Amino acid sequence: MKVYSQTIEVPDYLCDRDDRLHTWAAIRLCQEVSELHSKATGIGYEAMREQNRIWIISRAYYIIYRRAKAFEKVMLSTWSRGNDGLFAFRDYRMESEAGETLLVGTTYWPLIDFATHKPVRLNDTLDGYDYESRAATARNTLDRLRLPDMSQPDGRMDTTANYSMIDHVGHVNNSEYVKLVFDSLMQTGYNLDCPYSLELNYNHETAPGDTLSVLRKQQDGAEWFQITNSRGLSVTAKVSAP
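Sequence positions are assigned chain by chain, starting from 1 and proceeding in written order. Since the coordinates come from a predicted model, pLDDT governs what is reported: local features require at least 70, and pairs of side-chain atoms require 80 or more to be given and counted, while whole-chain, interface and lining totals use all residues. Side-chain measures were taken over the full set of non-hydrogen atoms in the model, leaving aside hydrogen atoms and water.

Caption draft 1: Just helix H1 (residues 23-40), in detail. Counting from the N terminus, the helices are DSSP H or I runs at least four residues long and the strands are E runs at least two residues long. In this analysis, the expected span of each helix is defined as 1.5 Å times one less than the number of residues it contains. Between its first and last C-alpha, H1 extends 26 Å over 18 residues, near the 26 Å set by a 1.5 Å rise per residue. Burial here depends on accessible area, computed with a 1.4 Å probe over protein chains only, as a share of the maximum for the residue type. Under 20% is buried, over 50% is exposed, and the range in between is partly exposed. Regarding H1, the residues found buried are Thr23, Trp24, Ala25, Ala26, Ile27, Leu29, Cys30, Gln31, Val33, Ser34, His37 and Ser38. Once H1 finishes, glycine 42 follows within two positions and takes phi at roughly 85°, a positive value.

Caption draft 2: Highlighting the pattern of salt bridges. In the sections that follow, a salt bridge refers to a side-chain nitrogen of Lys or Arg positioned within 4 Å of a carboxyl oxygen of Asp or Glu. In this structure the tally under the stated criterion is 10 salt bridges. With its nearest N and O atoms 2.9 Å apart, the salt bridge here joins arginine 81 to aspartate 91. Residue arginine 81 is found in strand S4 (residues 73-83), and its partner aspartate 91 is found in strand S5 (residues 87-96); the two are separated by 10 residues along the sequence. Judged by its relative accessible area of 15%, arginine 81 falls in the buried class. By relative accessible area, which is 0% here, aspartate 91 ends up buried. Note that glutamate 176 is salt-bridged to lysine 179, the shortest N-O span being 3.5 Å. Of the two residues, glutamate 176 and lysine 179 both sit in helix H3 (residues 174-185), three residues apart, roughly one turn of that helix. Accessibility expressed as a relative area gives 7% for glutamate 176, which makes it buried. Here the residues in one salt-bridge network are Asp16, Arg67 and Asp193, joined through shared partners.

Caption draft 3: Up close: the packing of aromatic side chains. Each Phe, Tyr or Trp ring, with Trp reduced to its six-membered ring, pairs with another whose centre is within 6.5 Å; inter-plane angles below 30 degrees give stacked pairs, above 60 give edge-to-face pairs, and intermediate values give tilted ones. According to the stated counting rule, one finds six aromatic pairs in the structure shown. With a centroid separation of 5.3 Å and 40° between ring planes, the pair formed by phenylalanine 87 and tyrosine 108 is classed as tilted. Of this pair, phenylalanine 87 sits in strand S5 while tyrosine 108 sits in strand S6 (residues 101-113), and the two are 21 residues apart along the sequence. Of the two residues, phenylalanine 87 and tyrosine 108, neither departs from the other in class, the shared state being buried. Measuring from centroid to centroid gives 4.8 Å for phenylalanine 89 and tyrosine 108, while their planes differ by 45°, and the two rings are tilted.

Caption draft 4: Layout of the nonpolar core. Throughout, nonpolar core names a set of buried Ala, Val, Leu, Ile, Met, Phe, Trp, Tyr and Cys residues whose side chains join them through atoms within 4.5 Å. If you look at the biggest cluster of nonpolar residues, it comprises 56 residues, and the most contacted ones within it are Leu21, Trp55, Tyr62, Phe182 and Leu200. It is H1 that provides the largest number of residues to this core, a total of seven residues. Whether two residues touch is decided by their heavy atoms; if any such pair falls within 4.5 Å, the residues are in contact. Not counting residues within four places of it along the chain, the set of residues in contact with tryptophan 55 comprises Ile43, Met48, Ala88, Trp109, Pro110, Leu111, Leu122 and Leu126. Residues Tyr61, Phe87, Phe89 and Tyr108 belong to the second largest nonpolar core, which totals nine residues.

As structure tokens, then:
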């Protein structure tokens, strides 16, 4: 099964006050179809945990052309685009019933040893895997984000990694960082009705009860974000025009 697709009626509880799908919720839905596809092809969470391994997200790039409306039916598709031995590449596309592209994305996933947290080479796990070569975005390569100087940020927000943010791996789920990014971003009145891109690098996980600090800075036509925890730099992010 090269491509996994699922039709979803957007729940209103995943939408904002304007009845539009939250960006963090769109990314959470991408996670869900990722797991369903991985499970169907033998490399899902349970299968990997039996080998003491887990998939984690390292880098991500999304373009949101239009946020889906509450109760709108959309088609969300995902596929694996190959690997370089360290990262597995997974892409996404969300479309309306009329075929309008709402969201595209590409992500990098290393497979790590659950006990040591060290990366595992992908050759054996993905040997013979049925890849789909087409790319959802023009960003076939996701380089590490280079933040501007954040010593004098335009905004700061601190919060605690509470119970509701923790996933079954035992740390803050990647979509929760997207919530923090957009909670900070929307303090500026950013216009989410225009197409925008979101790029993230995930560096260090955050444990329950840890303090997260979100710094925001506008520079070069983009909004930049630095999220730190007690271990140091946790996530970097950038929101800009596509």
